[in-house]
Structure formats: structure tokens, C-alpha cells
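Summary of the model geometry
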Amino acid sequence: MMADRLPNGAAQLSGFAAVLRRSDFAVAPEQNITFLEAVTLLGPGRINDVRLAARAAFGPPPERLEEFEALFRAYFYGEVAVSPATAMDQEPPRAFDGNDQPFEAPDLGELNPSGQETSTSEVLSQRTFDIDDDALALRRFRRQAGERLPRRLGHRRRSQRQGDQLDVRRILKNAIRNDGDVSKVRWRRRTTRQRNVLILIDVSGSMKEQTDGYMRFAHAATHAADRVECFTFGTRLTRVTRSLRLKNQELALARAAETVADWDGGTRIGESLQAFLVVPRFAGYARGALVIVLSDGLERGDPSALIDAVGKLSRRAWRIVWLSPLASDPHYAPQTTALAKILPLVDVFDAAAVPAQLYSNALAHASAKRFERRSAR
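These lines cover the structure that appears in this document, whether it is placed above or below. (Residues numbered from 1 in each chain as written. Predicted model: local features only at pLDDT ≥ 70, side-chain atom pairs only at ≥ 80, totals over all residues. Heavy atoms only, no water.)

With that settled, consider the pairing of strand E6 (residues 228-233). Summarising burial for E6: 6 of the 6 residues are buried, a large majority. Of the two faces of E6, the one lined by Val228, Cys230 and Thr232 and the one lined by Glu229, Phe231 and Phe233 are each fully buried. Pairing geometry for E6 and strand E7 (residues 237-239), over 3 bridges, is antiparallel. Its bridge partner being in E7, phenylalanine 233 is matched across the sheet by leucine 237. Counting the residues between successive antiparallel strands, the hairpin from E6 to E7 contains 3 residues. (Buried < 20%, exposed > 50% of the residue type's maximum accessible area, 1.4 Å probe, protein only. Helix = DSSP H or I, 4+ residues; strand = E, 2+ residues; numbered from the N terminus. Pairing = 2+ DSSP bridges.)

Let us look at helix H10 (residues 269-278). The element H10 is extensively covered by neighbouring structure, given that 8 of its 10 residues are classed as buried. Here H10 has its buried residues at Ile269, Gly270, Ser272, Leu273, Gln274, Ala275, Phe276 and Leu277.

Attention now moves to a positive patch on the surface. There is a patch of like positive charges on the surface, built from Arg169, Arg170, Lys173, Arg177 and Lys184. Position of arginine 169 relative to the elements: it lies in helix H6 (residues 168-177). (Patch = residues over 30% accessible without salt bridge, like charges linked within 9 Å, V, L, I, M, F, W, Y side chains within 5 Å. Areas by Shrake-Rupley, 256 points an atom, 1.4 Å probe, with all protein chains shown as cover. Salt bridge = Lys/Arg side-chain N within 4 Å of Asp/Glu carboxyl O. Lys, Arg positive; Asp, Glu negative; His and termini not counted. Charge placed at Lys NZ, Arg CZ, Asp CG, Glu CD.)

Take the packing of helix H2 (residues 29-42) against helix H3 (residues 47-58) next. Relative to each other, H2 and H3 sit at 145°, their axes nearing to 9 Å. H3 is crossed by H2, and the crossing has right-handed handedness. On the side of H2, the interface is formed by Gln31, Asn32, Thr34, Phe35, Ala38, Val39 and Leu42, while H3 contributes Asp49, Val50, Ala53, Ala54, Ala57 and Phe58. For the contact of H2 with H3, the residue count by class is 9 nonpolar, 3 polar and 1 charged. (Axes fitted to C-alpha atoms, helices over the stretch in contact; angles between N-to-C directions. Left-handed = near helix turned anticlockwise from the far one by under 90°. Contact = heavy atoms within 4.5 Å. Nonpolar A, V, L, I, M, F, W, Y, C, P; charged D, E, K, R; others polar.)

Set out below in C-alpha cells:
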């Protein structure tokens, strides 16, 4: 039922659910109905009863209970809530999933039209993608990706001419058809399946020139592989997998441009990766996966957060391939403490300055056999 068709009192109560959704609380329509029924049962005699009904119906997570209470007081009491932009620099980055709800574009006064120097501050930005000039290299990547991306043994077994286990069921079935005569022996063996692919793309200001090509690479990989998850990070972490699943590349990139809010802003790599790891559903994508990180690694914040995050990621992943535009220079050396310390934790650190280089290096390292990590660089 739409809010404008509800009685005045019910419409006022139902409006609180919309406030929660705008603040990134997961609120289903059934929860809103439960909230209205609970208030009806308790009776709106005391505002505290309404507050308890809201907590019971919407079930805010414990770590966001204080924020939930502040929104309740702001909506029902008229108190002034703390603006999220005011406390943005003090709060760690949060993970955003494009599946939850459409992204509301920021005010034009807050937009950042161009790339900024690497920093930890968040600047909300919109972005448009140029026409692709590397279409040939991209089509070549799409053709080769399906065969060259890594595979692993699955748990299921299928009947084959050769294998490591007799297919007793198929043998007996054929014997029944042939009056007990076993004409040929069938075997079973485990099938292979493509490994998960996790792509993490740095969209901060220092990566502005490479972002277009990196997003097109992620779109191509999403459609060439069986299971691909894509995230962007700058001052926040955003899942863009759903946007990139659109078959039309330009439509997919346009949808991603609306979903991501921190284009060409500051850099908080370590905290963004920590935000990825603390969400169990996100962290599960990295288990046994090929992880491709597209970033220059210019972390200006506390290096301990990045080192800890990459260490945890390396223990979950099958392989970490870190591709940086800066590594195309043969005289390049890590300029930050964080990048120098995470190099022993990644399997490959290579160049990706232009799209053609990105496509070739990604496939070359993805298809290579697993090797032991080097303890020093």
C-alpha cells in the first residue's frame, strides 16, 4: 500500500521506514507492515511504545543501534541529527552493495569534476565513460578468458571413458539392457570448474586516467567467466557486480557510474579492504579465488590497515595479482611504506598502464600454475 493512500497516522509511521532506507538500513516491506501492526497492537499512547515497536520490527544491527535511535529521535522528536558528511572523515569506510537500492545522485555542489591528489578525504563524484579505443584488444581478451582463467577440481563426479573410479551404476544399467553382458566398462572422475574471480578496482583521483579501461576490463571479465565479483574502492567500498552484468557495455558502465559515489576522490585503500573483509558475504567471494587488484597502491593513511587487510586476503585467496599503472616504468620502485610491505604478500605485482597491457598481463598471470609466494622482493 502506498504511503499517500494510508490514513494520516499510518502514513506518518510508514515514513520512518523510508528514512531508514535512505540511511542504508535494510528494510523490507514486510517489516514496515509489522511495525504498523505492532503500533496498532500496543496503541500509540506513548512514544516509547512506538520506539520499541520500531526496534522489534526493523531489527537494527547492534553496531548501528545508536544511529537507529538518532534517526528515530530526529524523525519523531524533530531533533537535529549529525550530518553523515560531517563525520565522514572520522568513520571507517562502509561497504555498499548495488543490489540493495538505487543510488541517489549527490547534489551538484558536492561533485568533483576532476581527479584530486591522493588523500584520505571523501569527495562524492559522478563519472562518464569515454568511447572505448581498445575494442580489438578487449574482444581478444573476451575470446581467450574462458579458456585461460584458472580452474579447480569440483566435488561432483561424471561418467567418462577414463577415470579413477568405476561407474558401477552405469555398468549395471548397461548390463541389464544386454542380458547381463558387460560390453564396456565406464569410469567416473571429478569434473573441473572455473575458480571464482574477484576484481578490486581503485577509483581514486590518482587512478583517474586508468579507470575507464579498468571498468571495461571488469565488464568483459564478468561476461567471460562463470563467477566474477567486482568492487570499486576509493574512500568507500562499492559492489558493482550487478551493474556490470548488463550485457550492453555502455549501459553497464552508465549504471556503474550511478552506483559508485567516490569517483576520483581520496584514497583509503587499507580501510576499504577492511570493510570488504568484515562483511561475511563479501569476504566469502575471496575464498579460493583469483583476486585481481587494480591500483597504484598509493596509500597515504596508516599502512597497518592495508598490510593487515592484504595479509588476511592472501590467506583466503588462491592467488593475488596486483596490477599497477606505475609498474610499467622499468625504474619503478615502491614509494610508500604500505606498498613495500605488502609486496611479499601478493603473488604477482605487474604493470597495467594501458588496457592492452592490462588484458595480456591479467591472462598471463591468471593462467599460470600456482607457485609459492616469495618471502622477499
